[in-house]
Amino acid sequence: MMGKLTVVGLGPGSPQQITPEALSAVAEATDFFGYGPYVDRLDLRPEQRRHASDNREEISRAAAALTLAVQGEKVCVVSGGDPGVFAMAAAVCEAMESGPAEWRNIEFAVVPGVTAMLAVAAKAGAPLGHDFCAISLSDNLKPWNVIEKRLIAAAEAGFVMAFYNPVSKARPHQLGQAFDILRAHLPGTVPVVFGRAAGRADERINVVPLSEAQSDMADMATCIIVGSTETRLIAREGRRPLVYSPRSWMAGKA
Ligand code: SAH
């Protein structure tokens, strides 16, 4: 019997931000693959099997999950946030495309989740209220000069930007370089939201102007939202300012 492989997004961290569809997919599966801390978030029955792995082993994890699905198991691959955003859904598709034909003939589904930038944006106000883009700052899978080009293009086009994978121990300097590039193309007043561990107990949201943004304000659990020239702050007594991007673009209109 042909099994099934479902790639499930578990949201940013809070149990309340896991969708009912994701919970049903988890309840139906027999075998779970994913980065250890994500698999650990699941409340599994004793007969449901965990196959936790390191964060960097995405393709071998995808291959192992597909192999088990072909054997007839109901397999779940879990990602934090949304599985289609810098996560396992694309890794599984890459493995399916280049692997044995039987990997392409299993029942396959992707269950969406609340991605980090949406969780952080909701905490900040409405910074993604106008056009935006998402960029991973990791150069593990693309050259740094491509990232630089995209930063400049996005700044010049007026996109709000959400940065995933802003820093890691192996890449301590790139976020600072990214801010320097943006400071050359955007006013220093543009608001920058640092959203760390959104939805978890250690959540921290900070807002600073681009002129003061520094790489040591972020870690691997941070999603950064850099505003456009139109992004605004609403100051509030005793509360964090609201950050929002109005729905209409007025800049450059006579
Ligand atoms: N699939 C995930 C993203 C994986 S890439 C999603 O859709 O959210 C990993 C990056 O996501 C981290 O480096 C960080 O930038 C961001 N991230 C994941 N969870 C987060 C959270 N709870 N709060 C803030 N950023 C988070």
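The rules behind these values
Residues numbered from 1 in each chain as written. Predicted model: local features only at pLDDT ≥ 70, side-chain atom pairs only at ≥ 80, totals over all residues. Heavy atoms only, no water. Buried < 20%, exposed > 50% of the residue type's maximum accessible area, 1.4 Å probe, protein only. Helix = DSSP H or I, 4+ residues; strand = E, 2+ residues; numbered from the N terminus. Arc of directions from axis to C-beta. Contact = heavy atoms within 4.5 Å. Axes fitted to C-alpha atoms, helices over the stretch in contact; angles between N-to-C directions. Left-handed = near helix turned anticlockwise from the far one by under 90°. Nonpolar A, V, L, I, M, F, W, Y, C, P; charged D, E, K, R; others polar. 1 Å grid on protein atoms, 1.4 Å probe; cavity = no way out; pocket = protein on both sides within 12 Å on 5 of 7 lines; lining within 4 Å. Points joined across faces, edges and corners; volume = space filled by probe spheres on them. Phe/Tyr/Trp six-rings, centres within 6.5 Å; stacked < 30°, edge-to-face > 60°. Near = heavy atom within 4 Å. Polar contact = N/O pair within 3.5 Å; in protein donor to acceptor, adjacent residues only side chain to side chain. Areas by Shrake-Rupley, 256 points an atom, 1.4 Å probe, with all protein chains shown as cover. Pairing = 2+ DSSP bridges.

Asker: Sorry, what's going on with helix α4 (residues 88-98) here?
Answerer: For an α-helix the count is 3.6 residues per turn, leaving residues at separations of three or four pointing the same way. Residues Met 88, Ala 89, Ala 91, Val 92, Ala 95 and Met 96 constitute the buried set of α4. Projection of α4 onto a plane perpendicular to its axis shows the buried side chains occupying an angular sector of 165°, all on one side. Across from the buried face of α4, at angles greater than 90 degrees, the exposed residues are Glu 97 and Ser 98. Residues of α4 that are buried sit in contact with β1 (4-9), α3 (58-70), β4 (74-79) and β5 (107-111).

Asker: I would appreciate a short explanation of the packing of helix α6 (residues 144-157) against helix α7 (residues 174-183) in the present structure.
Answerer: For any two helices packed against each other, one specifies the inter-axial angle together with the distance between the axes. Taken N-terminus to C-terminus, the directions of α6 and α7 make an angle of 35°; their axes are 10 Å apart at the nearest point. Where α6 crosses over α7, the handedness of that crossing is right-handed. For the pair formed by α6 and α7, the contact residues are Trp 144, Glu 148, Leu 151, Ile 152 and Ala 155 on the first element and Gln 174, Gln 177, Ala 178, Ile 181 and Leu 182 on the second. Its residues placed into classes, the contact of α6 with α7 shows seven nonpolar, two polar and one charged.

Asker: Explain the layout of surface pockets to me, please; I cannot follow it from the model alone.
Answerer: It is the rolling of a water-molecule-sized probe over the atoms that shows where space remains empty. In this structure, the second largest pocket occupies an estimated 150 Å³ of space. Every residue lining the second largest pocket is listed: Leu 10, Pro 15, Ile 18, Leu 23, Val 26, Ala 27, Arg 41, Leu 42, Asp 43, Leu 44, Arg 45 and Gln 48. Among the residues forming the lining of the second largest pocket, the class breakdown is eight nonpolar, one polar and three charged.

Asker: Honestly, the packing of aromatic side chains in this entry has me stumped. Any pointers?
Answerer: Given two aromatic rings, their pairing is described by the distance between the two centres and the angle made by the two planes. Tallying each qualifying case throughout the model produces three aromatic pairs. Geometrically, the ring pair formed by Tyr 35 and Tyr 38 is edge-to-face, given 5.4 Å between the ring centres and 75° between the ring planes. Exposure remark for Tyr 35: the relative accessible area of 25% places this residue in the partly exposed category. Looking at Tyr 38, the relative accessible area reads 23%, which means it is partly exposed.

Asker: How should I be thinking about the site of the ligand in this particular structure?
Answerer: The full set close to the ligand counts 20 residues, and Asp 82, Val 85, Thr 115, Met 220 and Thr 222 are the nearest of them. Gly 80 has a polar backbone atom sitting 2.9 Å from a nitrogen atom of the ligand. Look at the ligand: alone it shows 540 Å² of surface, and the protein chains cover 92% of it. Looking at the shell around the ligand residue by residue, the classes come out as 12 nonpolar, six polar and two charged.

Asker: What exactly am I supposed to notice about empty space enclosed by the protein here?
Answerer: Across all of its chains, the model carries one cavity of 30 Å³ or more by this definition. Its boundaries defined by the atoms lining it, the largest cavity holds a volume of some 40 Å³. Along its surface, the largest cavity is lined by Phe 194, Arg 196, Arg 204, Asn 206, Met 217 and Thr 222. Looking at the lining of the largest cavity, the elements with two or more residues in it are β9 (191-196) and β10 (204-209). Among the residues making up the lining of the largest cavity, the classes are represented as two nonpolar, two polar and two charged.

Asker: Which parts of the structure should I look at to understand the sheet that holds strand β7 (residues 132-136)?
Answerer: Within a beta sheet, neighbouring strands are joined by backbone hydrogen bonds and run either parallel or antiparallel to one another. Spatially, the five strands line up as an open sheet ordered β7-β8-β11-β9-β10, and their pairing is mixed. Two strands in the sheet have a free side with no partner beyond their single neighbour: β7 and β10. This sheet shows a mean twist of 20° between the axes of neighbouring strands, independent of strand direction. Examined bridge by bridge, β9 and strand β11 (residues 222-226) share five bridges and lie antiparallel to one another. Counted as the bridge partner of Val 192 is Val 226 from β11. Relative to β11, α7 is tilted by about 5°, and along the sheet it contacts β8 (160-164), β9 and β11.

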